[in-house]
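# Structure assessment
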Amino acid sequence: MAVVAGWEWDDTLFSGTAPYYRRGRLPYAPGLADVLAEVLRLDGRGRLIDVGCGPGTLALSLAHLFADIVGVDPDSGMLSEAGRGAAEAGVSGKSRWVRVRAEDLPAGLGTFTVATFAQSFHWMDRDPVAATIRDMLVPGGAFVHISDLKTERRSVESLPYPAVPYAAMDELVRHYLGPVRRAGRGVLPQGTPGGEAAVLTRAGFSGPRRHVVPGGQALERTSDDVVAGVFSMSFSAPHLFGARRAAFESDVRLLLRGVSPSGRFSERLPSTEVFVWGRNPAEP
């Protein structure tokens, strides 16, 4: 089953983006690990599976809350970055990075206390994935959906540098790649689906409990950070530009210099929205 009609996942979706993640993507709001520790009563025991883990950003930030963490992702570049991050953080001994699609779980990985999906669930065939994850959770386990809060306005008024010109950069991507959003070898005219609440209810989860970890902290970003952010996105992954990649990057940098000759930009960290779904402890 396709994620949306007319589009099928393929292994080029995030091809080449992994090296840009750490520098280009904004972090989750500070305090996310503390909120999850309190809400889920985490005590350093138990097992975490991070599904669609990317370069391990979330899993590594939660490693101290579990005895064992497993990140799964279909992109080998992402897993290489995750492994490097685990080594830097000194948690290689209790982390494992497995190349597998969510649709191919359980893949012999065992059972888990918590399963996290950090802005990844929408790329999956969600009904079978949700059902499989439910079976991989211990009774009382939790399915945790994490994303940036999409509804807030983050003004940079009173901050020292101009805002990142996201709308103009999106227009530049469309100029190079066409008006319809690219995704791997295909396109997503209407974007990825929402409605995960109905999916998880059908799979037998209860909830959700919603939590918002407040953002708003001021950040300073350089042109290199912003360019890395562009190339970390599936819809502007480096391979999509082919022989025009250098020309595209040159145009992005020209745009950024026009907005901020200093090469510095102000931004505010988004808040993080968390939905916790439970597996009933009494169910088999």
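Below, the structure is looked at part by part. All values reported here derive from a predicted model rather than from experimental measurement.

Turning to the packing of aromatic side chains, a few remarks are in order. Scanning all chains against the criterion turns up 11 aromatic pairs. Measuring from ring centre to ring centre gives 5.4 Å for F121 and F143, while their planes differ by 70°; the resulting arrangement is edge-to-face. Of this pair, F121 sits in the loop between β4 (112-118) and α5 (126-136) while F143 sits in strand β5 (residues 137-148), and the two are 22 residues apart along the sequence. F143 matches F121 in its accessibility class, with the two residues each being buried. Seen in terms of ring centroids, Y176 and F241 are 6.2 Å apart; in terms of plane orientation they differ by 70°. Their pairing is edge-to-face. You can see Y176 sitting in helix α6 (residues 166-177) and its partner F241 sitting in the loop between α8 (223-231) and α9 (245-259), a full 65 residues away along the chain. Neither Y176 nor F241 differs from the other in exposure class; each is buried. Aromatic rings pair up to connect Y20, Y176, F231, F241 and F248 into one cluster. Over the ring of F121 we find R126, and its NZ or CZ is 6.0 Å from the ring centre.

Let's shift gears to the environment of S155. Here S155 is to be found in the loop between β5 and α6. Residue classification places S155 among the partly exposed positions, given a relative accessible area of 23%. On a C-alpha basis, the gap between S155 and W277 in space is 32 Å, while along the polypeptide they are 122 residues apart. From its side chain, S155 meets the backbone nitrogen of E157 in a polar contact 3.0 Å long.

Taking strand neighbours across the sheet as the criterion, the 7 strands line up as β3-β2-β1-β4-β5-β11-β8 in an open arrangement whose pairing is mixed. In this open sheet, the two edge strands, each paired with only one partner strand, are β3 (95-99) and β8 (206-213). Strand-to-strand twist in this sheet, taken as the mean axis angle between neighbours without regard to direction, amounts to 20°. Here 5 bridges tie strand β2 (residues 68-73) to β3, and the two strands are oriented parallel to one another. Paired with V72 across the two strands is V98, which belongs to β3. Helix-sheet contacts for helix α2 (residues 32-40) involve β4, β5, β8 and β11 (272-278), and the interaxial angle to β8 is about 150°. Lying on the sheet, α5 is in contact with β1 (47-51), β4 and β5; it crosses β5 at an angle near 135°.

This next bit is on the environment of D50. Following the sequence through the fold, D50 ends up in strand β1. As for D50 and A82, which are separated by 32 residues in sequence, their C-alpha atoms are 12 Å apart. When neighbours within four sequence positions are excluded, D50 is seen to be in contact with L58, A59, V70, G71, V72, T116, F117 and A118.

Basis of the calculations
Residues numbered from 1 in each chain as written. Predicted model: local features only at pLDDT ≥ 70, side-chain atom pairs only at ≥ 80, totals over all residues. Heavy atoms only, no water. Phe/Tyr/Trp six-rings, centres within 6.5 Å; stacked < 30°, edge-to-face > 60°. Helix = DSSP H or I, 4+ residues; strand = E, 2+ residues; numbered from the N terminus. Buried < 20%, exposed > 50% of the residue type's maximum accessible area, 1.4 Å probe, protein only. Lys NZ or Arg CZ within 6 Å of the ring centre and 35° of its normal. Polar contact = N/O pair within 3.5 Å; in protein donor to acceptor, adjacent residues only side chain to side chain. Pairing = 2+ DSSP bridges. Axes fitted to C-alpha atoms, helices over the stretch in contact; angles between N-to-C directions. Contact = heavy atoms within 4.5 Å.

Without other data, these values stay purely geometric and don't point to any function.
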